[in-house]
Amino acid sequence: MINTISIDIETYSDADLNKCGVYRYTESEAFDILLFAYAVNGGSVSVVDLASGGSIPSDVIQALLDPHTLKWAFNAAFERICLSAWLHRNYPKLIENTYLDSASWRCSMIWSAYMGLPLSLAGAGKVLGLEEQKMTEGKELIRYFCSPCKPTKTNGGRTRNLPDHDPDKWKLFKAYNKRDVEVEMSIQEKLKNFPVPEFIWEEYHLDQEINDRGIMLDMRLVEEAVHFDSKSKDNLTEKLQLLTGLDNPNSVVQMKQWLSDCDIKTESLGKKGVAALIKEVPEEYKEVLQLRQQLAKSSVKKYQAMQNTVCRDGRAHGMFQFYGANRSGRWAGRHIQLQNLPQNHLPDLSAARALVRSGDYETTELLYEDVPDTLSQLIRTAFIPKPGYKFIVSDFSAIEARVLSHLAGENWRTEVFANNGDIYCASASAMFGVPVEKHGQNSHLRQKGKIAELALGYGGSVGALISMGALDMGLQEEELKPLVDAWRSSNPNIVRFWWDVDRAVKTAVRERTRTAVKGIIFRYQSGMLFITLPSGRTLSYVKPRIGENHFGGENVTYEGIGSTKKWERLESYGPKFVENIVQAISRDILMYAIRSLSHCSIVGHVHDELIIECSPETSLEIICEEMGKTPNWLPELLLRADGYETEFYKKD
C-alpha cells in the first residue's frame, strides 16, 4: 500500500516557464514529462524514463489520484500541475477535474520556508548541510533537454535535443532527477522534529485553490494597451528627435551628453532624477525632460506579462507564492505581480478604459495627453470578473497600525480606531498638541502625521522619513528630527514594546531559553530562534547569535536571504523584529478572512485586501462584515473591513 510518495519530474515545453508560469507552460502542444523519479513510503528512488518509452507503474498512477496518498515534492505546485496535464493527455478517463486536488499534496519547499530556509532545493540542502546535495550540472542539462535548441549545421538543423543525441548527458540527467528526490527526502528527514502544523497545510491548500481558480483578464484591453504603448513610444521618440537632434533620445548616454551640451549636469536619468531636473531647468528644456519621463514609463511590461501568462480559459493562474516571504509568511507575487501594480487616480477611469479597448488612440491622446501614464493607471482594470459576475474588493482599514497599537497597548490609538477616526489626523494631533481635521482646522498637519505613521512605526528615524518621500512632500530637512521625536513621545508604549521585544529576543538567544512579551513567545531551540504568534504560527530564524552592530552596541544576527538575494548573516534588533511580528499577524488575520470566506470565489489578495468574483446578488455588506470579524486568538483587536463592488479591478 502506498501511503506516501516523493516525486520529482523533468519536463519539456517550447513555452518559457519563467515568463509564463507552470499553468500556461503545460498548455503547449509540445509539453511532455521526460523523467519521473519517485520513492514509495520513504524507500529507494526509481526513475521512469518516459522519453525513452518507459511507463509509470499502475499502482503509482493510482497513488497520484488517491486522496489518501500523500504526495511530496519540492515546489509541489509544479509537479501537481504538470502531472494534471499529463494525466489528462494519457489517462483522460481517470482524472475528472482540470487539476489534481492539492489536499493530498505536501510541499517540502513550504516546509523549508516555514523554517526560515531558502526557497530553492540547492539552497535548502546547502544550509542544512545534507550529505547528498543537488547536482550542479542540473542547469546545463535542463537547458539541453527541456527547452528548444537553436538549429545549427553541427546539430543537423534540429530544434530539440532528444536522449539519443547525447546518451551520456541523458544518463547524467537521470542521475540528476534521482538525486533531487533523494535531497527532498533528506530535507524531510532533517526537519522531521519540526513538522509544519496541519493548519498551515490547510492554508496552503486554500492558496492552491485560489491559484488554480485564477483571475480573468480583459485581453482586448491588454492587446490594445500594448499596441497603444508601441505607438506612443514611436510618437514620443519622434518628438524628442526633433527637439534634440539625437538619433536615439531613449539612450541614457546620448541624452546625458545632450543635457551636458546645454550646460545641464545630472548624475541620473531615473524617475526621481528627471523629476528633480524638471523643477530646476530653464523653461525651454522642460518639454524634453517631460517627454523623456513619458518615454521611460514601463507600464507595458505588466501588459506583456498578462499576454505571457493568460491561459486558454482567459485567466491568469499561479500568481501567488505561498510563504514567499519567509520572515513574515506573507505571500509573494508571481508573473504579473498583483502586489506591485500602479495606483489609479483618473476621475473617469471607465471612459479612459473604454477608449483604449476601442482602439481609439487619437482620442485617447487628445483627452489624456500622457498616454503611457494613462495605460499605467489602467493596468488594474485588466483584471475582470467572468461574464455575469462582479468583483467585491474588500480590505482592512489600517491593519498594521491596529495590530501594532493593540500589541503595544497604545490605548489612545485604539480609541481612534474604535471611533472610526482618521489615524493620520489623530497622530498629528497627538504629536503637535492641537486638533487636526482632514478638511478642517490644522489640516496642513495631517500630511506630517501620515508620513510619520508610515515611516516611524518600526524604529525608523530621519532616514526612514526621507526614503518614504518626506522631502518630496514638502517637508524641510530640519523638520525631520523633531518629527521623529514628536511621534515617539506621543507613542511611548510602542517605543517601549520595541525594546521589550529586543530584550526578550536577546535573552532567549543568549540564555538559550524561553521568554514572552504580550503573549508572543520567543524561544531558542536546536540552533534556531522561534517566535510563536497568537495564531499559533511560528516564525523561524536560522542560527541566531548575539553580535555587535556598527554603533558598537549589542544586536542579534541570524542567517537568511538578504537584499543581495544571497544567503548571508543578517542583523536585526527590537523594532525590526516587531515589524516582522506585526506583518506576520496581519498576514494571519488576512488568512483568517480567507478561511472564513473560502466558500466564496476568491481570485486574488494583496496584503490587506481580498478580491472576490461573485454573482450580482452577493451582498457587499455581508462580505465586509465577515472579513472584519476578529480571530478568536486575538479577541480584543479592533478590526474593520471596507469594500466596493466593481466591474473591473481598481484602487477605489
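In case you missed it, the structure is sitting above this.
This one's a predicted model, so the numbers in the text were calculated from it and none came from an experiment.

About the cut-offs
Residues numbered from 1 in each chain as written. Predicted model: local features only at pLDDT ≥ 70, side-chain atom pairs only at ≥ 80, totals over all residues. Heavy atoms only, no water. Salt bridge = Lys/Arg side-chain N within 4 Å of Asp/Glu carboxyl O. Helix = DSSP H or I, 4+ residues; strand = E, 2+ residues; numbered from the N terminus. Buried < 20%, exposed > 50% of the residue type's maximum accessible area, 1.4 Å probe, protein only. Pairing = 2+ DSSP bridges. Axes fitted to C-alpha atoms, helices over the stretch in contact; angles between N-to-C directions. Contact = heavy atoms within 4.5 Å. Parallel < 35°, antiparallel > 145°, perpendicular 65-115°, else oblique. Left-handed = near helix turned anticlockwise from the far one by under 90°. Nonpolar A, V, L, I, M, F, W, Y, C, P; charged D, E, K, R; others polar. Expected span 1.5 Å × (residues − 1). Phe/Tyr/Trp six-rings, centres within 6.5 Å; stacked < 30°, edge-to-face > 60°. Lys NZ or Arg CZ within 6 Å of the ring centre and 35° of its normal. Core = buried A, V, L, I, M, F, W, Y, C linked by side-chain atoms within 4.5 Å. Arc of directions from axis to C-beta. 1 Å grid on protein atoms, 1.4 Å probe; cavity = no way out; pocket = protein on both sides within 12 Å on 5 of 7 lines; lining within 4 Å. Points joined across faces, edges and corners; volume = space filled by probe spheres on them.

Peer 1: How should the pattern of salt bridges be read in this particular structure?
Peer 2: Pairs may arise between side chains of opposite charge once their charged atoms sit close together. For the structure on display, the rule yields 30 salt bridges. Linking Lys-169 and Glu-140 is a salt bridge whose minimum nitrogen-to-oxygen distance equals 3.4 Å. Residue Lys-169 is located in helix H7 (residues 167-190), and its partner Glu-140 is located in helix H6 (residues 138-145); the two are separated by 29 residues in the primary sequence. With a relative accessible area of 23%, Lys-169 lands in the partly exposed category. Here Glu-140 falls in the partly exposed class, since its relative accessible area comes to 34%. For Glu-189, the salt bridge goes to Lys-192, with nearest N and O atoms at 2.7 Å. What you see here is one network of salt bridges that share partners, running through Glu-203, Arg-537, Arg-587 and Asp-588.

Peer 1: Can you help me understand the sheet that holds strand E5 (residues 105-107) in this one?
Peer 2: The strands making up a sheet associate through backbone hydrogen bonding, with each pair oriented either parallel or antiparallel. Taken in spatial order, the 5 strands make up an open sheet running E3-E2-E1-E4-E5, and their pairing is mixed. Both edges of this open sheet fall to strand E3 (45-49) and E5, since each of them pairs with a single strand only. Strand-to-strand twist of the sheet, defined as the mean angle between neighbouring strand axes without regard to direction, takes the value 30°. The pairing of strand E2 (residues 32-40) with E3 spans 5 bridges and is antiparallel. Within the sheet, the bridge partner assigned to Ala-39 lies in E3 and is Val-45. Most of the contacts of helix H3 (residues 76-90) go to strand E1 (residues 4-12), to which it runs at about 75°, and overall it touches E1, E2, strand E4 (70-73) and E5.

Peer 1: Please clarify how the packing of helix H1 (residues 17-25) against helix H13 (residues 300-309) should be interpreted in this entry.
Peer 2: When two helices pack together, their arrangement is captured by the angle between the axes and the distance separating the axes. Axis separation between H1 and H13 bottoms out at 8 Å; the angle between their running directions is 30°. As the angle between them shows, H1 and H13 are arranged roughly parallel. Judged by the twist between their axes, the crossing of H1 over H13 is right-handed. Every residue of H13 that contacts H1 at Lys-19, Cys-20 and Arg-24 is listed here: Gln-307, Asn-308 and Thr-309. Here the residues of the contact of H1 with H13 sort into 1 nonpolar, 3 polar and 2 charged.

Peer 1: Can you help me understand helix H22 (residues 477-490) in this one?
Peer 2: Because each turn of an α-helix spans 3.6 residues, side chains separated by three or four positions end up pointing in the same direction. Here H22 contains 14 residues, and its C-alpha end-to-end distance of 21 Å stays within 8% of the 20 Å for a straight helix at 1.5 Å per residue. Among the residues of H22, Leu-480, Leu-483, Val-484, Ala-486, Trp-487 and Ser-490 are the ones counted as buried. Tucked into the core, H22 has its buried residues touching helix H18 (411-418), helix H19 (423-432), helix H20 (446-456), helix H21 (462-467) and helix H23 (492-511).

Peer 1: Would you explain the sheet that holds strand E10 (residues 383-384) in this entry?
Peer 2: Taken in spatial order, the 3 strands make up an open sheet running E7-E6-E10, and their pairing is antiparallel. In this open sheet, the two edge strands, each paired with only one partner strand, are strand E7 (315-316) and E10. Sheet topology note: the strand E6 (residues 215-217)/E7 ladder contains 2 bridges and is antiparallel. Paired with Met-216 across the strands is Arg-315, a residue of E7.

Peer 1: Hey, could you run me through the packing of aromatic side chains in this one?
Peer 2: The geometry of two aromatic rings is summed up by the distance between their centres and the angle between their planes. As enumerated under the stated definition, the model contains 24 aromatic pairs in all. Taken together, a centroid distance of 5.6 Å and an interplanar angle of 40° make the contact between Phe-36 and Tyr-38 tilted. Grouping residues by exposure puts Phe-36 and Tyr-38 together as buried. With 5.6 Å between their ring centres and 35° between their planes, Trp-72 and Trp-111 make a pair best called tilted. Taken as a pair, Trp-72 in strand E4 and Trp-111 in helix H4 (residues 108-114) lie far apart in primary sequence, 39 residues in all. Relative accessible area serves as the criterion here: at 11%, Trp-72 is assigned to the buried category. With a relative accessible area of 8%, Trp-111 lands in the buried category. One aromatic cluster is present, formed by Trp-72, Trp-111, Tyr-114, Trp-201, Tyr-204, Phe-322, Tyr-323 and Trp-331 through successive ring pairs. One cation-aromatic arrangement involves Arg-160 over Tyr-12; the distance from NZ or CZ to the ring centre is 3.7 Å.

Peer 1: Help me understand the nonpolar core, please; the structure alone is not making it clear to me.
Peer 2: The nonpolar side chains of a soluble globular protein tend to be buried, and buried together. Membership of the largest hydrophobic core comes to 170 residues, with the highest contact counts inside it found for Phe-36, Phe-383, Phe-522 and Tyr-649. Residue contributions to this core peak at 11 residues, all from helix H24 (residues 574-596). Each residue touching Tyr-649, except ones within four places of it in the same chain, is listed here: Leu-338, Leu-341, Arg-380, Thr-381, Phe-383, Phe-391, Val-393, Val-606, Glu-609, Ile-611 and Tyr-644.

Peer 1: Looking at this structure, how should I read the side chain of Ser-232?
Peer 2: On the secondary structure map, Ser-232 appears in helix H9 (residues 219-244). Note on Ser-232: relative accessible area 4%, which makes it buried. Apart from the residues lying within four places of it in its own chain, the contact partners of Ser-232 are Tyr-361, Val-371 and Pro-372.

Peer 1: What is the right way to look at H18 in this model?
Peer 2: Of all the positions in H18, only Arg-413, Val-416 and Phe-417 are classed as buried. Each buried residue of H18 lies within a common arc of 95° when the element is viewed along its axis, so the set occupies one face. Residues of H18 that are exposed and point over 90 degrees away from its buried face: Asn-411 and Glu-415. Positive backbone phi, at 55°, marks Asn-420, one or two positions downstream of H18.

Peer 1: Would you mind showing me how to read empty space enclosed by the protein here?
Peer 2: The probe, sized like a water molecule, is rolled over the atoms to show the empty space still left. Counted according to the given criterion, the structure contains 4 cavities of 30 Å³ or more. Put simply, the largest cavity is a space of about 60 Å³. Around the largest cavity sit Arg-330, Trp-331, Gln-339, Arg-587, Leu-590, His-605, Val-606 and His-607, which together line it. A breakdown of the residues in the lining of the largest cavity according to their chemical character gives 3 nonpolar, 3 polar and 2 charged.

Peer 1: Which parts of the structure should I look at to understand the environment of Ser-376?
Peer 2: On the secondary structure map, Ser-376 appears in helix H16 (residues 371-377). In the structure, Ser-376 is positioned 79 residues away from Lys-297 in sequence and 8.1 Å away in space, judged by C-alpha atoms. Discounting residues that sit within four places of it in the chain, Ser-376 has contacts with Lys-297, Ser-299 and Pro-342.

Peer 1: Sorry if this is basic, but what is going on with the pairing of strand E15 (residues 538-548) here?
Peer 2: Bridge count between strand E14 (residues 528-532) and E15: 5 bridges; the pairing is antiparallel. Across the sheet, Thr-532 pairs through a bridge with Thr-538, a residue of E15. Relative to strand E16 (residues 554-561), E15 is paired through 5 bridges, and the arrangement is antiparallel. Looking across to E16, one finds that Val-542 is bridged to Glu-559.

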